[in-house]
Amino acid sequence: MTAEATMAANDRIREHYAGRDLADRILAAAGADDESGAVPVDALAPYDELHAGGLATTLYLLSRLELDAGTALLDVGCGLGGSSRVAADRHGCPVTGVDLSPDFVAAARALTTRVGLSHLLRFEVGQAEQLPCDDASHDRAVMIHVGMNLPDKAATFAEVHRVLRPGGLFGLHDQMRVGPGDLPYPQPWAVDDETSFLASPSAYVDALAAAGFEVLSVEDRRAALAAGPGEPAEDRAVVFGPAFVERMANRMAATRAGILAPVVVLARA
């Protein structure tokens, strides 16, 4: 993909993740719109964990990263900052979140203020292929439900490798193509294939290896998510509107058809 095509795709993706008054809507849905007192991180989870499996997936992925209070974590494509806040809340670690959407970053900052974690969290607008971070500035990195919107995963993985210290762990959780078939649109991350860049687990492994990572594990999470508490589409509709119910149904249909799977990859820099 040319630089111009990538820029055009990013513009459409940025529009896909735009929204007005996101923080206010989420706080109202969580019953915390009275502006008094701190809000528990977990109260926001139904609305700010915008990926398959929600909070349970975030906790699982973070558990693989050996975090503690001295671990500097990078959240690539942090969205509304839900996973970043969970990491800071559970482990006391400083987190830098980077996202393409200015609206999501603004909401992430506002929500973080309400949960009382601004001293540990920093959110920046930026592209995954050009991270606004210094070389070797982080100990760990996560990327959750972002790769489907990344046309150049190799460039992103090279950037993550650049900003991780040697030996740092990188945990990914993405929807990946695991079988043939046409993907029904709209999907949660895209309304058509012009901004959907699905790849297979093997393609992720190859791109990570090319960037200098050692891939430690690849795990299909379909069974684990099926055994979980489920994902009420109405909660995500607080952020994306009522049309999101159809997007969630299409994603689940593609999973049942063997086209998609939520996959966790763990790699070491």
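Scroll up to find the structure.
Residues numbered from 1 in each chain as written. Predicted model: local features only at pLDDT ≥ 70, side-chain atom pairs only at ≥ 80, totals over all residues. Heavy atoms only, no water.

Asker: When you look at the side chain of R221 in this model, what are you seeing that I'm missing?
Answerer: Its location among the elements puts R221 in the loop between β6 (214–220) and α9 (222–226). Classification of R221 as buried rests on a relative accessible area of 12%. Looking at R221, its side chain comes within polar contact range of the side chain of E219, at 3.3 Å. When neighbours within four sequence positions are excluded, R221 is seen to be in contact with Y60, P262 and V264. (Helix = DSSP H or I, 4+ residues; strand = E, 2+ residues; numbered from the N terminus. Buried < 20%, exposed > 50% of the residue type's maximum accessible area, 1.4 Å probe, protein only. Polar contact = N/O pair within 3.5 Å; in protein donor to acceptor, adjacent residues only side chain to side chain. Contact = heavy atoms within 4.5 Å.)

Asker: Would you mind going over the side chain of T71 with me for this structure?
Answerer: Along the chain, T71 turns up in the loop between α4 (54–63) and β1 (73–76). Under the relative-accessibility criterion, T71 is labelled buried at 6%. Of the polar contacts made by the side chain of T71, one reaches the side chain of D68; its length is 3.0 Å.

Asker: Where do I start with helix α7 (residues 153–163) in this structure?
Answerer: Given 3.6 residues per helical turn, the α-helix brings residues three or four places apart onto the same face. Of the residues making up α7, those classed as buried are K153, T156, F157, E159, V160 and V163. Down the axis of α7, the buried side of the element spans an arc of 155°, and every buried residue falls inside it. The secondary structure elements touched by the buried residues of α7 are β1, β4 (138–144), β5 (164–177) and α8 (201–210). (Arc of directions from axis to C-beta.)

Asker: Help me out: how do you make sense of unusual backbone geometry in this one?
Answerer: Most peptide bonds take the trans form, and the phi angle of most residues other than glycine is negative. A cis geometry characterises the amide bond from Y185 onward to P186, with omega recorded as 5°. With respect to the helices and strands, P186 occurs in the loop between β5 and α8. Phi at H145 is positive, roughly 55°, even though this residue is not glycine. Counting through the fold element by element, H145 comes out in the loop between β4 and α7.

Asker: When you look at the sheet that holds β4 in this model, what are you seeing that I'm missing?
Answerer: Sheet strands pair by backbone hydrogen bonding; their relative direction is either parallel or antiparallel. One open sheet accounts for 7 strands, arranged β3-β2-β1-β4-β5-β7-β6; its pairing is mixed. Each edge of the sheet is formed by a strand with only one pairing partner; in this case those strands are β3 (121–125) and β6. Along the sheet, successive strands turn relative to each other by an average axial angle of 15°, direction set aside. Lying on the sheet, α7 is in contact with β1, β4 and β5; it crosses β5 at an angle near 150°. (Pairing = 2+ DSSP bridges. Axes fitted to C-alpha atoms, helices over the stretch in contact; angles between N-to-C directions.)

That is the geometry; function is a separate question.
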